[in-house]
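Chain residues, written in single-letter form:
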Amino acid sequence: NSARGEDREQLAVCDSYPSECAAYAVGDEVILIQSDRLADALNALSKECREIILMYFCLEMQDREIAERLDISRRTVNTHRRQAFQEVSGLEPPI
């Protein structure tokens, strides 16, 4: 019964506090990342690659918008985004 499932979901609340997250300032935005593994991977990237991947995936910006904001070419944004995504995607699975 779907009503019972919804009731069960209301029985539990998971609180998340900003102090438990890694915070990344991107322009006027602050992006909070809860996953320690993802935060470690983002920290391993160059600042420019990290900003580009966060703008693309978290702020849902297009390459053109990112290029304008960072005052770089769209091709550079695309290259850095693909490079950053490959590095982050290459994480070893948790043990």
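Residues numbered from 1 in each chain as written. Predicted model: local features only at pLDDT ≥ 70, side-chain atom pairs only at ≥ 80, totals over all residues. Heavy atoms only, no water.

**Q** What's the story with the overall build of the chain in this structure? I'm lost.
**A** Across its full length, the chain carries 5 helices and 2 strands. Ordering the α and β elements of the chain from the N terminus gives α-β-β-α-α-α-α. Scored against the burial criterion, the 95 residues of the chain give a buried share of 26%. Carbon together with sulfur atoms contributes 46% to the accessible area of the chain, which is approximately 7200 Å² in total. (Helix = DSSP H or I, 4+ residues; strand = E, 2+ residues; numbered from the N terminus. Buried < 20%, exposed > 50% of the residue type's maximum accessible area, 1.4 Å probe, protein only. Areas by Shrake-Rupley, 256 points an atom, 1.4 Å probe, with all protein chains shown as cover.)

**Q** Any chance you could explain the packing of helix α3 (residues 47-57) against helix α5 (residues 74-89) here in plain terms?
**A** Working note: a packed helix pair is described by the angle between its axes plus the distance between those axes. Running from N to C, α3 and α5 point in directions that differ by 90°, and their axes come no closer than 9 Å. For the element pair α3 / α5, the angle class is roughly perpendicular. Together, Glu48, Cys49, Ile52, Ile53, Tyr56 and Phe57 of α3 and Val77, His80, Arg81, Gln83, Ala84, Phe85 and Val88 of α5 make up the contact between the two elements. Of the residues belonging to the contact of α3 with α5, the class tally is 9 nonpolar, 2 polar and 2 charged. (Axes fitted to C-alpha atoms, helices over the stretch in contact; angles between N-to-C directions. Parallel < 35°, antiparallel > 145°, perpendicular 65-115°, else oblique. Contact = heavy atoms within 4.5 Å. Nonpolar A, V, L, I, M, F, W, Y, C, P; charged D, E, K, R; others polar.)

**Q** Would you mind going over the nonpolar core with me for this structure?
**A** Generally speaking, soluble globular proteins have nonpolar side chains that are buried together. In terms of nonpolar packing, the biggest core is built from 19 residues, with Tyr24, Ile33, Leu42, Leu45, Ile53, Leu54 and Ile66 touching the most fellow members. Of all the secondary-structure elements, those providing two or more residues to this core are β1 (22-26), β2 (29-33), α2 (36-44), α3, α4 (63-70) and α5. Of the residues forming this core, the biggest block, 5 residues, is contributed by α3. Once you skip the residues sitting within four places of it in the chain, tyrosine 24 turns out to touch Glu29, Val30, Ile31, Ile33, Ala39, Leu42, Asn43, Arg50 and Leu54. (Core = buried A, V, L, I, M, F, W, Y, C linked by side-chain atoms within 4.5 Å.)

**Q** It is not clear to me how the confidence of the model for the chain should be interpreted in this structure. Could you clarify?
**A** Low pLDDT means the predicted coordinates in that region are not meant to be read closely. Averaged over all residues, the pLDDT of the chain equals 83, while 75% of them reach at least 70. Across the chain, the element-wise mean pLDDT spans from 54 in helix α1 (residues 2-10) up to 96 in α4. (pLDDT = per-residue confidence, 0-100.)

**Q** Explain the pairing of β1 to me, please; I cannot follow it from the model alone.
**A** Regular strands place their side chains on alternate faces of the sheet. Bridging between β1 and β2 involves 5 bridges; their strand directions are antiparallel. When the sheet's bridge partners are listed, alanine 22 is paired in β2 with isoleucine 33. A loop of 2 residues connects β1 with β2, the two strands running antiparallel in sequence, and glycine 27 in this loop sits at a positive phi of about 65°. (Pairing = 2+ DSSP bridges.)

**Q** What am I meant to see in unusual backbone geometry here?
**A** Residues other than glycine predominantly adopt negative phi, and peptide bonds predominantly adopt the trans conformation. Of note in the backbone geometry, glutamate 60 takes a positive phi value of approximately 55° without being a glycine. Looking at the secondary structure, you find glutamate 60 in the loop between α3 and α4. Unlike most non-glycine residues, aspartate 71 shows phi in positive territory, near 55°. Take aspartate 71: it is sitting in the loop between α4 and α5. Since its relative accessible area comes to 70%, aspartate 71 is described here as exposed.

**Q** Can you help me understand the pattern of salt bridges in this one?
**A** Pairs can form between side chains of opposite charge whenever their charged atoms are close. Scanning all chains against the criterion turns up 3 salt bridges. Residue glutamate 51 pairs with lysine 47 through a salt bridge whose shortest N-O separation is 3.9 Å. A residue pair is termed a helical-turn pair when its members lie 3 or 4 positions apart in one helix, as glutamate 51 and lysine 47 do in helix α3 at 4 residues. For the salt bridge of aspartate 63 with arginine 81, the shortest nitrogen-to-oxygen distance reads 2.9 Å. Remark: arginine 81 occurs in helix α5 and aspartate 63 occurs in helix α4; sequence separation between them is 18 residues. Neither residue differs from the other here; aspartate 63 and arginine 81 are each classed as buried. (Salt bridge = Lys/Arg side-chain N within 4 Å of Asp/Glu carboxyl O.)

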